[in-house]
Structure formats: C-alpha cells, structure tokens
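An overview of the molecular structure
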Amino acid sequence: MNIYVGNLPYSTTPDDLREVFEAFGEVAAARIVNDRETGRAKGFGFVEMPNNEEAQKAIEALNGNDIGGRKAVVNEARPREPRQFRDKRN
C-alpha cells in the first residue's frame, strides 16, 4: 500500500520516515518530496508497505499523532493525477 504522510518537519529524511513506519512492519520504500527549484523538502512524503494489514495499522496509529514534533497527516495515498500540459507561451 502507498501511504501519504503530510505535515512533516522540513528536516525529515527518508531514513527518519522509514524508521517510524518500520515499527509496524516491512517498509519497501520511503521518500520525501522536494521542491524542484530549491531542492528543499516540501513537508510531505510517501511510504510504500507491501503488507496492507501492517500499512493500515500504521495509518491508524500515526494519523494525527506526533512525528518529529508535528501532528502528522497519514492516509492511503490517492492515485497520481495525470499532468496537464501547460503552454508557456501565454
């Protein structure tokens, strides 16, 4: 299951995120989303957990609770929306 994790401190690393979620089971991947222009963290990320039952337990336990000193938003990630082409001439 792909899990969205929001309202993270900007200093959170993928390893920090992995460590929090490994308390609930196997973590296949953990990533923090960075701003393309500045390279700085945007305050959210994604965790991939192969076992849906473990992932659901992590969501229930962590949503609304403290991660790195902030009240985290944790839920199942929605499918990514297709990107719209933007005409930069206007």
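These lines cover the structure that appears in this document, whether it is placed above or below. (Residues numbered from 1 in each chain as written. Predicted model: local features only at pLDDT ≥ 70, side-chain atom pairs only at ≥ 80, totals over all residues. Heavy atoms only, no water.)

Overview of the overall build of the protein chain
Broken down by element type, the protein chain carries two helices and six strands. Reading the protein chain from its N terminus to its C terminus gives the helix and strand order β-α-β-β-α-β-β-β. With the C-alpha coordinates aligned to their principal axes, the bounding extent of the protein chain is approximately 50 × 25 × 20 Å. Within the protein chain, buried positions represent 31% of all 90 residues. Nonlocal contacts in the protein chain, meaning residues at least 24 apart in sequence, comprise 59% of its contacts between residues at least 6 apart. Surface exposure of the protein chain reaches about 6,600 Å², of which carbon and sulfur atoms provide 44%. Averaged over its 14 positive side-chain charges, the protein chain has a centre that lies 11 Å from the centre of its 15 negative ones. (Helix = DSSP H or I, 4+ residues; strand = E, 2+ residues; numbered from the N terminus. Buried < 20%, exposed > 50% of the residue type's maximum accessible area, 1.4 Å probe, protein only. Contact = heavy atoms within 4.5 Å. Areas by Shrake-Rupley, 256 points an atom, 1.4 Å probe, with all protein chains shown as cover. Lys, Arg positive; Asp, Glu negative; His and termini not counted. Charge placed at Lys NZ, Arg CZ, Asp CG, Glu CD.)

Observations regarding the nonpolar core
Among the nonpolar cores identified, the biggest contains 19 residues, and Ile-3, Val-5, Leu-17, Phe-21, Val-47, Met-49 and Val-74 are the most heavily contacted of them. Elements that contribute at least two residues to this core include exactly strand 1 (2-6), helix 1 (14-22), strand 2 (29-34), strand 3 (41-48) and helix 2 (52-62). Here Ile-3 is in contact with Phe-21, Gly-45, Phe-46, Val-47, Met-49, Ala-55, Ile-59, Val-74, Asn-75 and Ala-77, once residues within four sequence places are set aside. (Core = buried A, V, L, I, M, F, W, Y, C linked by side-chain atoms within 4.5 Å.)

As for the side chain of Thr-12
Considering the arrangement of structural elements, one finds Thr-12 in the loop between strand 1 and helix 1. At 2.9 Å, the side chain of Thr-12 forms a polar contact with the backbone oxygen of Pro-9. With residues up to four places along the chain from it excluded, the contact list for Thr-12 reads Leu-17 and Ile-32. (Polar contact = N/O pair within 3.5 Å; in protein donor to acceptor, adjacent residues only side chain to side chain.)

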